[in-house]
Amino acid sequence: MARRRKASADALDQAQVEALVAEAERGYDVEEILRRRRVGRPALGSAAASVESVRLDPELKRDLLLRAARDHSSVSEVIRRALGEYLHAG
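Predicted model, so just to flag it, every value in this text is computed and none were measured.

(A) Expanded view of helix α3 (residues 58–70). With 13 residues, α3 should reach 18 Å at 1.5 Å per residue; the first-to-last C-alpha distance of 18 Å fits that figure. The backbone nitrogen of E59 has a side-chain oxygen 3.1 Å away, supplied by the residue at the start of α3, namely D57. After α3 finishes, the residue H72 shows a positive phi value of roughly 55°.

In structure tokens, the structure reads:
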């Protein structure tokens, strides 16, 4: 005997389906959708950030962790700040 499925509370009725189809046929403002879409981490600069790897000896890693804890900051922030200061030093 076949079981009938109950419609869930999330099921769309025909009027809702027709409204969604009409909206899709009118088209979407892609730029507006992209402006509203703000998920994930905020940008660090003018474009998407890259991820780089470096090897740290155990003593440097320990110092880095201690500095981050002392500054109530992330390890990444300490590295970015130190690298920025180094690159912009005279």
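Don't stop here, the text continues.
(B) Highlighting unusual backbone geometry. Here the phi dihedral of H72 falls at roughly 55°; this positive angle occurs in a residue that is not glycine. Secondary-structure assignment places H72 in the loop between α3 and α4 (75–88).

(C) The arrangement of the environment of R80 in detail. Within the element layout of this structure, R80 appears in helix α4. By relative accessible area, which is 38% here, R80 ends up partly exposed. In terms of polar contacts, R80 uses its side chain to reach the side chain of E77, at 3.2 Å.

(D) Examining the pattern of salt bridges more closely. One pass over the structure, following the stated rule, counts five salt bridges. In this structure, the salt-bridge partner of R70 is D71, at a minimum N-O distance of 3.9 Å. With its nearest N and O atoms 2.7 Å apart, the salt bridge here joins R81 to D71. Linking R81 in helix α4 with D71 in the loop between α3 and α4, this pair joins segments that are ten residues apart in sequence. In the salt-bridge network here, residues are joined through shared partners; they are R67, R70, D71 and R81.

(E) View of the packing of α3 against α4. Remark: α3 packs on α4, axes separated minimally by 9 Å, with the N-to-C direction vectors making an angle of 100°. Classified by the angle between their axes, α3 and α4 sit roughly perpendicular to one another. For the pair α3 and α4, the contacting residues are L64, L65, R67 and A68 in the first and V75, V78 and I79 in the second. Grouping the amino acids of the contact of α3 with α4 by side-chain chemistry returns six nonpolar, no polar and one charged.

(F) The arrangement of the layout of surface pockets in detail. Approximately 280 Å³ is the volume attributed to the second largest pocket. Lining the second largest pocket, in full, are V54, L56, L60, L64, R67, V78, I79, R81, A82, L83 and E85. If you list the elements that add at least two residues to the lining of the second largest pocket, you get α3 and α4. Here the residues of the lining of the second largest pocket sort into eight nonpolar, no polar and three charged.

Quick notes on the rules
- Residues numbered from 1 in each chain as written.
- Predicted model: local features only at pLDDT ≥ 70, side-chain atom pairs only at ≥ 80, totals over all residues.
- Heavy atoms only, no water.
- Helix = DSSP H or I, 4+ residues; strand = E, 2+ residues; numbered from the N terminus.
- Expected span 1.5 Å × (residues − 1).
- Polar contact = N/O pair within 3.5 Å; in protein donor to acceptor, adjacent residues only side chain to side chain.
- Buried < 20%, exposed > 50% of the residue type's maximum accessible area, 1.4 Å probe, protein only.
- Salt bridge = Lys/Arg side-chain N within 4 Å of Asp/Glu carboxyl O.
- Axes fitted to C-alpha atoms, helices over the stretch in contact; angles between N-to-C directions.
- Parallel < 35°, antiparallel > 145°, perpendicular 65-115°, else oblique.
- Contact = heavy atoms within 4.5 Å.
- Nonpolar A, V, L, I, M, F, W, Y, C, P; charged D, E, K, R; others polar.
- 1 Å grid on protein atoms, 1.4 Å probe; cavity = no way out; pocket = protein on both sides within 12 Å on 5 of 7 lines; lining within 4 Å.
- Points joined across faces, edges and corners; volume = space filled by probe spheres on them.

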